[in-house]
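These are the residues of each chain, in order.
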Amino acid sequence: MTDTTDASHATDAAGTADATDAAAVTAVSAVTDTAGATGTAGAPSIPRPPRPGDASRATELAALFPALHAPQYWAWGRYDAQFSTVLPPDELVTNIHLVGFTDGDRVVLCRDDRNHWFLPGGTREHNESVDSCLVRELREEAGARLLGDPVWLGAHRCVTDDPVPYRPWQPHPEKAWLWGWADVAVDSVPTNPDDGEQVVEVRAVEPDEARRLLLDGHEAWWGELIALAVELRSRPR
């Protein structure tokens, strides 16, 4: 389930996020390839050892997607946030989100009862693995299931000056939002648990339309996140 107060899909951040910038941080490692697992296996290995060419690929991607890699301030959680293709350690990951591709290259988006469009995903529960969280969130928010291993795009590393963590078991003051892509099948309906967002529509759209819908009230980096997923999906793995 996605926690509305934690804004795990960052829809509230889109409307309220401050444009304040921190010092720029350059990504120094590459996007992981197929380091992941489906819901029937254990948690993905995060991070994996660097390989030759990682640093040059990360520099290339930072140049291609500057808004995504720019420092951000998420006012709703008082977070200084920075995206990087360097994967965080598993114990820092509190939120997992997916660019899900279906019917070829269409992207799965969800719309809640506040008319916010977002990518499916949400907050890990206590002692929940990354892959279990992803499987659960896809079912709850999109009525979808994985058709293959997720490919991790990177993560936002976030630091807050709030005095206590959002959940007692979460890391504090630093945490991480993990982003990935995978092929999925939308073959049921959202389960809409009572303590999560109430999804009223699931739509599979072309990537350009996905960017348009997400940018209605979101920061520019959301569009670049979709573009990054499309770009890396097209490359050999």
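Everything below is about the structure printed above this text.
Since the structure is predicted, the reported quantities are computational estimates derived from the model, not experimental observations. (Residues numbered from 1 in each chain as written. Predicted model: local features only at pLDDT ≥ 70, side-chain atom pairs only at ≥ 80, totals over all residues. Heavy atoms only, no water.)

Visitor: I keep staring at the overall build of the chain and nothing clicks. Help me out?
Guide: From N to C terminus, the chain includes six helices and ten strands. Taking all 237 residues of the chain together, the buried fraction comes to 52%. Accessible area for the chain stands at about 9900 Å²; split by element, carbon and sulfur atoms hold 53% of it. (Helix = DSSP H or I, 4+ residues; strand = E, 2+ residues; numbered from the N terminus. Buried < 20%, exposed > 50% of the residue type's maximum accessible area, 1.4 Å probe, protein only. Areas by Shrake-Rupley, 256 points an atom, 1.4 Å probe, with all protein chains shown as cover.)

Visitor: What's the story with the nonpolar core in this structure? I'm lost.
Guide: Nonpolar side chains in soluble globular proteins generally cluster together in the buried interior. Membership of the largest hydrophobic core comes to 31 residues, with the highest contact counts inside it found for Val99, Val107, Leu109, Leu119, Trp179, Trp181 and Leu228. Counting only elements with at least two residues in this core, the list comes to strand S2 (79-84), strand S3 (93-102), strand S4 (106-112), strand S8 (151-160), strand S9 (174-186), helix H5 (207-215) and helix H6 (221-233). At eight residues, the largest contribution of residues to this core is made by H6. Discounting residues that sit within four places of it in the chain, valine 107 has contacts with Val99, Gly100, Phe101, Leu119, Arg203, Ala204, Val205, Pro207, Ala210 and Ile226. (Core = buried A, V, L, I, M, F, W, Y, C linked by side-chain atoms within 4.5 Å. Contact = heavy atoms within 4.5 Å.)

Visitor: Mind showing me how you'd approach the packing of aromatic side chains here?
Guide: How two aromatic rings sit relative to each other is set out by the distance from centre to centre and by the angle between their planes. By the definition in use, this model includes ten aromatic pairs. Taking the centre distance of 5.9 Å and the plane angle of 20° together, the rings of tryptophan 74 and tryptophan 76 count as stacked. Ring-pair connections join several aromatic residues into one group, and the members of that group are Trp74, Trp76, Tyr79, Trp177, Trp179, Trp221 and Trp222. Directly above the ring of phenylalanine 101 sits arginine 233, whose terminal nitrogen or CZ lies 4.3 Å from the centroid. (Phe/Tyr/Trp six-rings, centres within 6.5 Å; stacked < 30°, edge-to-face > 60°. Lys NZ or Arg CZ within 6 Å of the ring centre and 35° of its normal.)

Visitor: I'm lost on H6 in this one. Help?
Guide: Along an α-helix, residues three or four apart share an orientation, since each turn contains 3.6 residues. Here H6 spans 18 Å end to end across 13 residues, near enough to the 18 Å set by a 1.5 Å rise per residue. Of all the 13 residues making up H6, ten are buried; the element is thus mostly covered by neighbouring parts of the structure. Inspection of H6 places Trp221, Trp222, Gly223, Glu224, Leu225, Ile226, Ala227, Leu228, Ala229 and Leu232 among the buried residues, and these make up the whole buried set. (Expected span 1.5 Å × (residues − 1).)

Visitor: I tried to follow the side chain of glutamine 72 on my own but got confused; where do I start?
Guide: Residue placement: glutamine 72 occurs in strand S1 (residues 72-74). Reaching out from glutamine 72, the side chain makes a polar contact with the side chain of histidine 156 at a distance of 3.4 Å. (Polar contact = N/O pair within 3.5 Å; in protein donor to acceptor, adjacent residues only side chain to side chain.)

Visitor: Looking at this structure, how should I read the packing of H5 against H6?
Guide: Following both chains from N to C, one finds H5 and H6 inclined at 160°, their axes separated by 8 Å at the closest point. Here H5 is positioned roughly antiparallel relative to H6, judged by the angle of their axes. Every pair of crossing elements has a handedness; the one defined by H5 and H6 is right-handed. Residues Pro207, Arg211, Leu214 and Leu215 of H5 form the contact with H6, whose own contacting residues are Trp222, Gly223, Ile226, Ala227 and Val230. In terms of residue class, the contact of H5 with H6 is made up of seven nonpolar, one polar and one charged. (Axes fitted to C-alpha atoms, helices over the stretch in contact; angles between N-to-C directions. Parallel < 35°, antiparallel > 145°, perpendicular 65-115°, else oblique. Left-handed = near helix turned anticlockwise from the far one by under 90°. Nonpolar A, V, L, I, M, F, W, Y, C, P; charged D, E, K, R; others polar.)

All we've got here are geometric facts, nothing functional implied.
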